[in-house]
Amino acid sequence: MFLVNHEPWSLLDRFHQQLGNLSYSDSDSYYSNTSTGHWHPAVDIKEEKDHFLIIADVPGVNPTDIEIMMEKGVLTIKGERHSQMEDDNKTYKRVERTHGTFYRRFSLPDTADSERIEAKGNNGILEVIIPKHEKVQPRKIEVKS
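Residues numbered from 1 in each chain as written. Predicted model: local features only at pLDDT ≥ 70, side-chain atom pairs only at ≥ 80, totals over all residues. Heavy atoms only, no water.

A.B. asks: What is the right way to look at the overall build of the protein in this model?
C.D. replies: When helices and strands are counted, the protein shows 1 helix and 8 strands. Helices and strands appear in the protein in the N-to-C order α-β-β-β-β-β-β-β-β. A burial count over the protein gives 25% of its 145 residues as buried. The contacts of the protein with a sequence gap of at least 6 include a subset with a gap of at least 24, amounting to 54%. Element-wise, carbon and sulfur atoms account for 51% of the exposed surface of the protein, whose accessible area totals about 11,900 Å². (Helix = DSSP H or I, 4+ residues; strand = E, 2+ residues; numbered from the N terminus. Buried < 20%, exposed > 50% of the residue type's maximum accessible area, 1.4 Å probe, protein only. Contact = heavy atoms within 4.5 Å. Areas by Shrake-Rupley, 256 points an atom, 1.4 Å probe, with all protein chains shown as cover.)

As structure tokens, then:
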């Protein structure tokens, strides 16, 4: 008699993951999707009085493997989480932690100051701070006759 570990949902899980991977592309097109790549980190976007804050969960991603670019009002965050399976010679029974590249794009409002964007990574959390332009005071324009 043979004992076989049967997980009825594993086939559906693999199908769901492969289907999700098909919906993303690594296109660098300006009008591409907001999230592409092999996986996409969860992101929170917060607006404060003087800045916007993007908080991304990127556990296992080295900050040196993250690239942040700003072009034409679009903030792009790219990165890569390396697989640990390549380092081990063991046979895995289950793999749920995703690896590979991620690619997120965010359209920023006109109030964002793209020249002063800062980013920091700590304990698997990436924070991108996007300052707002200082408010321009309204000015009365004299009508000449």
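A.B. asks: Sorry, what's going on with the pairing of strand β5 (residues 74-81) here?
C.D. replies: Side-chain positions along a regular strand alternate between the two faces of the sheet. Most of β5 sits inside the fold, with 6 of its 8 residues counted as buried. With 6 bridges connecting them, strand β4 (residues 66-71) and β5 associate as antiparallel partners. Counted as the bridge partner of Met70 is Leu75 from β5. Judged from the 8 bridges that link them, β5 and strand β6 (residues 100-107) form a sheet pairing that is antiparallel. Residue pairing across strands places Thr76 opposite Arg105, the latter belonging to β6. (Pairing = 2+ DSSP bridges.)

A.B. asks: I keep staring at the sheet that holds strand β7 (residues 118-122) and nothing clicks. Help me out?
C.D. replies: Within a beta sheet, neighbouring strands are joined by backbone hydrogen bonds and run either parallel or antiparallel to one another. Read from one edge to the other, the open sheet built from 4 strands follows the order β2-β3-β8-β7, with strand pairing classed as antiparallel. This sheet does not close on itself; its edge strands, each paired only once, are β2 (43-47) and β7. In this sheet, neighbouring strand axes are inclined to one another by 15° on average, regardless of whether the strands run parallel or antiparallel. Two strands pair when backbone bridges link them, and β7 and strand β8 (residues 125-131) are joined in this way by 5 bridges, in the antiparallel orientation. When the bridges of β8 are listed, Gly121 appears paired with Leu126. (Axes fitted to C-alpha atoms, helices over the stretch in contact; angles between N-to-C directions.)

A.B. asks: What is the right way to look at the pattern of salt bridges in this model?
C.D. replies: Where charged atoms of side chains with opposite charge meet at close range, the side chains can pair. Scanning the model with the defined rule gives 4 salt bridges in all. We note a salt bridge from Asp113 to Arg116, for which the minimum N-O separation is 2.7 Å. Asp113 gets classed as buried once you look at its relative accessible area, which sits at 11%. Put simply, Glu127 and Lys120 hold a salt bridge, and the shortest N to O gap is 3.9 Å. (Salt bridge = Lys/Arg side-chain N within 4 Å of Asp/Glu carboxyl O.)

A.B. asks: Would you mind going over the side chain of Asp113 with me for this structure?
C.D. replies: Within the secondary structure, Asp113 is located in the loop between β6 and β7. Only 2.7 Å separates the side chain of Asp113 from the side chain of Arg116, close enough to count as a polar contact. Excluding anything up to four places from it in sequence, Asp113 contacts Pro131, Lys132 and His133. (Polar contact = N/O pair within 3.5 Å; in protein donor to acceptor, adjacent residues only side chain to side chain.)

A.B. asks: So what exactly am I meant to see when it comes to the packing of aromatic side chains here?
C.D. replies: One pair of aromatic rings is described through two measures. These are the centre distance and the angle between the planes. As enumerated under the stated definition, the model contains 1 aromatic pair in all. When the centroid spacing of 5.0 Å and the interplanar angle of 65° are considered together, the rings of Trp39 and Phe102 count as edge-to-face. Pair noted here: Trp39 is in the loop between β1 (35-37) and β2 and Phe102 is in strand β6, with a separation of 63 residues, a long-range link. The two residues Trp39 and Phe102 agree in class, both being buried. Sitting above the plane of the Trp39 ring, Arg81 keeps its charged end 3.9 Å from the centroid. The ring of Phe52 has Lys132 lying over it, and the distance from NZ or CZ to the ring centre is 4.9 Å. (Phe/Tyr/Trp six-rings, centres within 6.5 Å; stacked < 30°, edge-to-face > 60°. Lys NZ or Arg CZ within 6 Å of the ring centre and 35° of its normal.)

A.B. asks: What should I look at first to understand the nonpolar core in this one?
C.D. replies: Within soluble globular proteins, side chains that are nonpolar generally end up buried alongside one another. With 16 residues, the main nonpolar core has Ile54, Val58, Leu75, Ile77, Leu126, Val128 and Ile130 as its most contacted residues. Elements represented by at least two residues in this core include exactly β3 (51-57), β5, β6 and β8. Residue contacts for Ile130: discarding those within four places in its chain leaves His51, Phe52, Ile54, Leu75, Leu108, Ala112 and Ile117. (Core = buried A, V, L, I, M, F, W, Y, C linked by side-chain atoms within 4.5 Å.)

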